[in-house]
Amino acid sequence: MPPERRSRTKPDRRTGVRLDRKSRTKPDRRAGTGPGGPSRKAAPSSQRKPPARPSAAAAAIAVAAEEERRLRQRNRLTLEEDKPAVERCLEELVFGDVEDNEDALLRRLQGSRVQVQEDSGDLEVENEAKDNFLFQKKPVWVDEEDEDDEMVDMMSNRFRKDMMKNASEGKLSKHKLQKRLKEEFQHAMGGVPAWAETNKRKTSSDDESEEDEDDLLQRTGNFISTSASLPKGILKLKNCLPANAERPTTARISSVHFHPRAQVVMVAALDNAVSLFQVDGKTNPKIQSIYLEKFPIFKACFSATGEEVLATSIHSKVLYVYDMLAGKLIPVHQVRGLKEKIVRSFEVSPDGSFLLINGVAGYLHLLSMKTKELIGSMKINGRVAASTFSSDSKKVYASSGDGEVYVWDVNSRKCLNRFVDEGSLYGLSIATSRNGQYVACGSNCGVVNIYNQDSCLQETNPKPIKAIMNLVTGVTSLTFNPTTEILAIASEEMKEAVRLVHLPSCTVFSNFPVIKKKTISLVHTMDFSPRSGYFALGNEKGKALLYRLHHYSDF
């Protein structure tokens, strides 16, 4: 029987542990005699035997290793047949030829690891050189017409005309026009955006600042002490084309509301129409108009998701819901359990779960935003003048005709606190900031009291942080901007009765509302855009005035 087959079928007694046991029990006759016997002399070198051949076990191991290598190669070839040619080529470039053994591949990988560790010290220098090389690249192809300094007529286009600094710039070269456009963009964005800075690298200080921002966003409260992005005193803003310029009307504007996610503004008026406009500050093109027959709109607004538009009338109990995705107008004629003859004022919760309707005789009705069904009702003393949700949609603030403010829990519909608005005979408006810090209450005497929300929940007689007394007639509109840096207050009883209050200093901007000697008629509604830095006012003359705030923190 061959040695290989014998080694597979029967273990070799001359190897392994048994060999060691025999070597301990039996003496080596070639090395000497038995116990007590004289030792033999070593044989001369000329008489020594040649080294023994490899044992049968070593031969078996070699055969097994060769067999395993053949199986592995066959499996590799089988897998390679299923791979695309591009993938095989890429693996050969990365790992080398498939014929190479694994030991060689491991040696190559270990060598590359050592090389990476040696070169890691110069990584920053290489990145700088790479950035410089990107700017030093020459164009592959050059158009001869691009080299000609072609002049562009600035007077032929209305948008280019606005970028002219003087009358001598009737024509500009392409290079100068590109430079001017870049300056206008940086001016509008408040500098070069981070995504436009190609050579900006993240440092450890950036990581620390991001951690600080995360800690700041995890809590609410009185953490705003100074406003670095928006200084007080003078507000830099631009008077833009009215938002509804493409659909003018003479009816009073009852509602203006910006879309929560898109650059769209909704304008509703007493002429039974709700119009949507794309906001760009220059043309504001109209997107769509919805006409509601015999339905002069008292209030209209977007839902929290921006997928629906809700509208109520001045003399109807019907609530219209316009589905923007499906393009359907759904009238809600009757809500089971709601015994109101007229539905006018309402509020939508920030999380989009609830709809709050201000009823008569001091009732507040809480509805499900999804099903438009009644969840429950709350009642205050006197009549409901205004109401609003907290920023987390867990509480409702209601201002009464007796000058009191009620705080309700949405889930349990229990009154958490009740206090008297300082100096108020009866309330007209109320608003909460989006960061959960402030509550603003407007009264009939033109005073706006700004409270801390924590004090409104814990104290029975809270003191306002500041009383704004820049208006002399009843404050009918209040709204905070998304970053809680501006509070807009207005009265519909007097022209130019609108002010912008800087927070947290609680001082009024001195250059508003007079801009370029233009006056503002009676203001009935106003709103801030969530991100783009626009401010809209709806007046009695059918115009939705639009302003662009240049020192807006999100601008």
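Note that residues are indexed from 1 along each chain, following the sequence as it is written. The model is predicted, so local features are restricted to residues of pLDDT at least 70 and side-chain atom pairs to those at 80 or more, both for listing and for counting; the totals for chains, interfaces and linings are taken over all residues. Excluded from the side-chain calculations are hydrogens and water; all other atoms, namely the structure's heavy atoms, are used.

In the nomenclature of an unreviewed UniProt entry, the chain is known as U3 small nucleolar RNA-associated protein 18 homolog of Callorhinus ursinus. The chain has a UniProt comment under Subcellular location (unreviewed entry) that states "Nucleus, Nucleolus". UniProt positions are given in the numbering used here, feature names are shortened, and annotations may be inferred rather than shown by experiment. Regarding the chain, the relevant UniProt record gives this comment under Sequence similarities (unreviewed entry): "Belongs to the WD repeat UTP18 family."

Asker: What am I meant to see in the overall build of the chain here?
Answerer: A count of helical and extended segments in the chain gives eleven helices and 30 strands. Across the 555 residues of the chain, 38% fall into the buried class. In this description, contact between two residues means that some pair of their heavy atoms is separated by no more than 4.5 Å. In the chain, of all internal contacts separated by at least 6 residues, the share reaching a separation of at least 24 is 46%. For the accessible areas, the method is Shrake-Rupley and the probe is 1.4 Å, while residue cover comes only from the protein chains on display. Carbon and sulfur atoms form 51% of the exposed surface of the chain, whose accessible area is close to 34300 Å². Under the scheme used here, helices are H or I runs from DSSP no shorter than 4 residues and strands are E runs no shorter than 2 residues, and both carry numbers assigned from the N terminus. Relative accessibility decides the category of a residue: with a 1.4 Å probe and only protein chains considered, values under 20% of the type maximum give buried, values over 50% give exposed, and everything between is partly exposed.

Asker: Would you explain the nonpolar core in this entry?
Answerer: The tendency in soluble globular proteins is for nonpolar side chains to be buried as a group. Residues enter a nonpolar core if they are buried and are Ala, Val, Leu, Ile, Met, Phe, Trp, Tyr or Cys, with the set joined through side-chain atoms within 4.5 Å. Ranked by internal contacts, the top residues of the largest apolar core, which has 19 residues, are L500, F512, F535 and L537. Listed by contribution, the elements that provide at least two residues to this core are β25 (486-490), β26 (498-502), β28 (523-528), β29 (534-539) and β30 (544-549). Those residues in contact with F512 that lie beyond four places of it in its chain are L237, V498, R499, L500, I520, F535, L537 and Y547.

Asker: How do you make sense of the sheet that holds strand β8 (residues 297-302) when you look at a structure like this?
Answerer: In a beta sheet, neighbouring strands are held together by backbone hydrogen bonds and run either parallel or antiparallel to one another. At least two DSSP bridges between two strands are required for those strands to pair. Pairing is antiparallel in the open sheet, where four strands are placed in the order β8-β9-β10-β11. A single partner strand is all that each edge strand has here, and the edge strands are β8 and β11 (328-332). Direction aside, the axes of adjacent strands within the sheet are offset by 20 degrees on average. Note on geometry: axes are lines fitted to C-alpha atoms, helical ones only across the stretch in contact, with angles between N-to-C directions running from 0 to 180 degrees.

Asker: How should the side chain of T484 be read in this particular structure?
Answerer: Looking at the element boundaries, T484 is found in the loop between β24 (477-480) and β25. Any pair of nitrogen or oxygen atoms within 3.5 Å is treated as a polar contact; in protein, a donor-acceptor pairing is required on top of that, and neighbouring residues in sequence qualify only through side-chain atoms on both sides. Polar side-chain contacts of T484 include one of 3.3 Å to the side chain of N435.

Asker: So what exactly am I meant to see when it comes to the environment of A386 here?
Answerer: Mapped onto the elements of the fold, A386 is located in strand β16 (residues 384-389). Sequence separation between A386 and Y397 is eleven residues, and the spatial gap between their C-alpha atoms is 8.4 Å.

Asker: What exactly am I supposed to notice about the pairing of β24 here?
Answerer: Looking down a regular strand, the side chains alternate between one sheet face and the other. Where burial is concerned, the two faces of β24 agree: the one with S477 and T479 and the one with L478 and F480 are both buried. What sits between the antiparallel neighbours β24 and β25 is a turn of five residues, in which T484 has the positive phi angle 60 degrees.

Asker: What am I meant to see in the UniProt feature "repeat: WD" (unreviewed entry) in the chain here?
Answerer: The positions that UniProt labels "repeat: WD" (unreviewed entry) are, in the present scheme, residues 384-418. For residues 384-418, the end-to-end C-alpha separation is 14 Å, with 0% helix and 63% strand making up the annotated structure.

Asker: I tried to follow the pairing of strand β21 (residues 438-443) on my own but got confused; where do I start?
Answerer: With six of its six residues buried, β21 lies for the most part within the structure. The alternating pattern of β21 places Y438, A440 and G442 and V439, C441 and S443 on opposite faces, both of which are buried. Pairing of strand β20 (residues 427-432) with β21 involves five bridges; the strand directions are antiparallel. Looking at β21, one finds that S429 is bridged to G442. Following β20, the chain reverses through five residues before pairing antiparallel with β21; G436 in that reversal takes a positive phi of roughly 75 degrees.

Asker: Explain the packing of aromatic side chains to me, please; I cannot follow it from the model alone.
Answerer: We describe a pair of aromatic rings using the distance from one ring centre to the other and the angle between the two ring planes. Note on aromatic pairs: the rings of Phe, Tyr and Trp (six-membered ring only in Trp) are paired at centre separations within 6.5 Å, and the planes decide the class, stacked below 30 degrees, edge-to-face beyond 60, tilted for the rest. Counting across every chain of the model gives seven aromatic pairs. Summarising the aromatic geometry, the rings of F512 and Y547 are spaced 5.4 Å apart at their centres and angled 80 degrees between planes, so their arrangement reads as edge-to-face. One end of the pair, F512, is in the loop between β27 (507-508) and β28; the other, Y547, is in strand β30, with 35 residues separating them in the sequence. Residue F512 is classed as buried on the basis of its relative accessible area, which comes to 3%. The class for Y547 is buried, based on a relative accessible area of 4%.

Asker: How do you make sense of the pattern of salt bridges when you look at a structure like this?
Answerer: Charged atoms that come close allow side chains of opposite charge to pair. By definition here, a salt bridge exists when the distance from a side-chain nitrogen of Lys or Arg to a carboxyl oxygen of Asp or Glu is within 4 Å. By the definition in use, this model includes eleven salt bridges. We note a salt bridge from K372 to E308, for which the minimum N-O separation is 3.7 Å. A residue pair is termed long-range when its members are at least 10 positions apart, and K372 in the loop between β14 (363-368) and β15 (374-379) and E308 in strand β9 (residues 308-313) qualify at 64 residues. Here K372 falls in the buried class, since its relative accessible area comes to 10%. Each of the salt bridges in this network shares a partner with another, and the network as a whole consists of E66, E67, R69 and R70.

Asker: Would you mind showing me how to read the sheet that holds β15 here?
Answerer: The strand order across the open sheet formed by four strands is β12-β13-β14-β15, and the pairing between neighbours is antiparallel. In this open sheet, the two edge strands, each paired with only one partner strand, are β12 (346-348) and β15. Between one strand and the next, the sheet's axes are offset by a mean angle of 20 degrees, whatever the strand orientation. Strand direction decides the pairing type here: strand β13 (residues 354-358) and β14, joined by five bridges, are antiparallel. Directly across from N358, in β14, lies its bridge partner L364.

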